[in-house]
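Here is what each chain is made of, one letter per residue.
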Amino acid sequence: MQTLEFSILNWIQASLRCELLDTVLSLVSELSNHGEIWILLALVLFAIRKTRRQGAAVICGLVLDLIACNLLLKPLFGRIRPFAVNPAVTLLIRPPLDASFPSGHTAASFAAVFALKASGNPLWKPALGLAVLIAFSRLYLYVHWPSDVLGGALLGTAVGWMGAKLAAVIGTRLHWL
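As a starting point, this report considers the structure included with it. In this numbering scheme, every chain counts its residues from 1 along its sequence in written order. Residues qualify for local features only when their pLDDT is at least 70, as the model is predicted, and side-chain atom pairs are given and counted only at 80 or more; totals for whole chains, interfaces and linings, by contrast, use all residues. The basis for every side-chain value is the complete set of heavy atoms in the structure, and neither hydrogens nor water enter the calculation.

This paragraph deals with unusual backbone geometry. Between Phe101 and Pro102 the backbone carries a cis peptide bond, its omega angle lying at -10°. Locating Pro102 in the fold gives a position in the loop between helix 5 (82–85) and helix 6 (104–118). In the Ramachandran plot, Tyr142 falls in the positive-phi region, its phi being about 65° despite a non-glycine side chain. Within the fold, Tyr142 resides in the loop between helix 7 (124–140) and helix 8 (146–174). A run of H or I in DSSP counts as a helix once it spans at least four residues, and a run of E counts as a strand once it spans at least two, with each numbered from the N terminus.

The structure is reproduced here in structure tokens:
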């Protein structure tokens, strides 16, 4: 499996690496270093009465993602990152210090997308485009294995959907959404 994953990462490095993508994908990845872009989106949506329910869905999805990804799965798997296995690659960003599986950037991005989709907000479509770009940036930057990104997308999809359901239940019980 690792051979296939190295093949994908090394193909990206050999075939797509260029100065423009180095700059753009480093910046794209930085948008979600701590989930900043998704947290900001959630807070803006939550602040607007008309979209409060969708903002709460994204908040709940991101909290569930934080628990599942960063507090449970990363420590449980403790997977080494590809740049640590292949130190010949020049990193464009500071090396992440936590475990590789699952991709936190990808999981948070997909959690926001699917919380938006499950709560009926049309912003899920452009958010999906950004989420896919963020996920790809993690491969391009050689900081995640393809299976980390896939695992992050699957995790994010699940917790995003659960976050929307949780926000709906909480909102109904508390009468604030």
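Read on for the rest.
Bringing the pattern of salt bridges into the picture now. In what follows, salt bridge is the name for a side-chain nitrogen of Lys or Arg lying within 4 Å of a carboxyl oxygen of Asp or Glu. By the definition in use, this model includes five salt bridges. With a shortest N-O distance of 2.9 Å, Glu5 and Arg79 are connected by a salt bridge. Of this pair, Glu5 sits in helix 1 (residues 2–16) while Arg79 sits in the loop between helix 4 (52–77) and helix 5, placing them 74 residues apart in sequence. Any residue under 20% of the maximum accessible area for its type is buried, any over 50% is exposed, and the rest in between are partly exposed; the area is computed with a 1.4 Å probe on protein chains only. Exposure remark for Arg79: the relative accessible area of 23% places this residue in the partly exposed category. A cluster of three or more residues bridged by salt bridges with shared partners is formed by Glu5, Arg79 and Asp148.

Turning next to helix 7. In this scheme, a helix's expected span is set at 1.5 Å multiplied by one less than its residue total. Relative to the 24 Å expected for 17 residues at 1.5 Å per residue, helix 7 spans 24 Å between its end C-alpha atoms, a close match to the ideal helical length. Taken as a whole, helix 7 has its buried residues at Ala127, Ala131, Ile134, Ala135, Ser137, Arg138, Leu139 and Tyr140. The secondary structure elements touched by the buried residues of helix 7 are helix 1, helix 2 (19–30), helix 3 (36–47), helix 6 and helix 8. After helix 7 finishes, the residue Tyr142 shows a positive phi value of roughly 65°. Here a residue-residue contact requires only that any non-hydrogen atoms of the pair lie within 4.5 Å.

We now examine the packing of helix 6 against helix 7. Angular values range over 0 to 180 degrees, each being the angle between N-to-C directions of two axes fitted as lines to C-alpha atoms, with helices fitted over their stretch in contact. Axis separation between helix 6 and helix 7 bottoms out at 9 Å; the angle between their running directions is 170°. Comparing the axis directions of helix 6 and helix 7 gives the class roughly antiparallel. Together, His105, Thr106, Ser109, Phe110, Val113, Leu116 and Lys117 of helix 6 and Trp124, Ala127, Leu128, Ala131, Val132, Ile134, Ala135 and Arg138 of helix 7 make up the contact between the two elements. Asp, Glu, Lys and Arg are counted as charged, while Ala, Val, Leu, Ile, Met, Phe, Trp, Tyr, Cys and Pro are counted as nonpolar; the rest, among them Gly, fall into the polar class. Split by residue class, the contact of helix 6 with helix 7 holds ten nonpolar, three polar and two charged. Any angle from 65 to 115 degrees is called roughly perpendicular, while one under 35 is roughly parallel, one over 145 is roughly antiparallel, and all others are oblique.

We now examine the nonpolar core. Counting 35 residues, the largest nonpolar core has Trp38, Val58 and Tyr142 as the members making the most contacts within it. Those elements that place two or more of their residues in this core are helix 1, helix 2, helix 3, helix 4, helix 6, helix 7 and helix 8. What Tyr142 contacts, discounting residues up to four positions off in sequence, is Phe6, Leu9, Asn10, Gln13, Pro82, Phe83, Asn86, Val89 and Leu91. Put simply, a nonpolar core is a bunch of buried Ala, Val, Leu, Ile, Met, Phe, Trp, Tyr and Cys residues held in one set by side-chain atoms that sit within 4.5 Å of each other. If you look at the next biggest cluster of nonpolar residues, it comprises six residues, including Cys69, Ala111, Leu155 and Val159.

A few words on the packing of aromatic side chains. Within 6.5 Å between ring centres, the rings of Phe, Tyr and Trp (the latter by its six-membered ring) count as paired, and their orientation is classed by plane angle as stacked under 30 degrees, edge-to-face over 60, tilted in between. Applying the stated criterion across every chain yields a total of four aromatic pairs. Taking 4.8 Å as the distance between ring centres and 70° as the angle between the ring planes, the aromatic pair formed by Phe77 and Phe101 counts as edge-to-face. Placement of the pair is Phe77 in helix 4 and Phe101 in the loop between helix 5 and helix 6, with a sequence separation of 24 residues. Each ring, one from Phe136 and one from Tyr140, has its centre 6.2 Å from the other, and the planes form 45°; the classification is tilted.

Once that is clear, we can look at the side chain of Ser103. You can see Ser103 is positioned in the loop between helix 5 and helix 6. Overall, Ser103 belongs to the buried group, its relative accessible area being 0%. Sequence-distant contacts of Ser103, that is, excluding residues within four places in its chain, are made with Cys69, Arg138, His144, Asp148, Val149 and Gly152.

A residue is classified by how much of its surface remains accessible, and Glu5, at 2% relative accessible area, is buried. In this structure, the C-alpha to C-alpha distance between Glu5 and Pro82, residues 77 residues apart in sequence, is 9.2 Å. Each residue touching Glu5, except ones within four places of it in the same chain, is listed here: Arg79, Trp145, Pro146 and Ser147. Any pair of nitrogen or oxygen atoms within 3.5 Å is treated as a polar contact; in protein, a donor-acceptor pairing is required on top of that, and neighbouring residues in sequence qualify only through side-chain atoms on both sides. At 2.9 Å, the side chain of Glu5 and the side chain of Arg79 are in polar contact.

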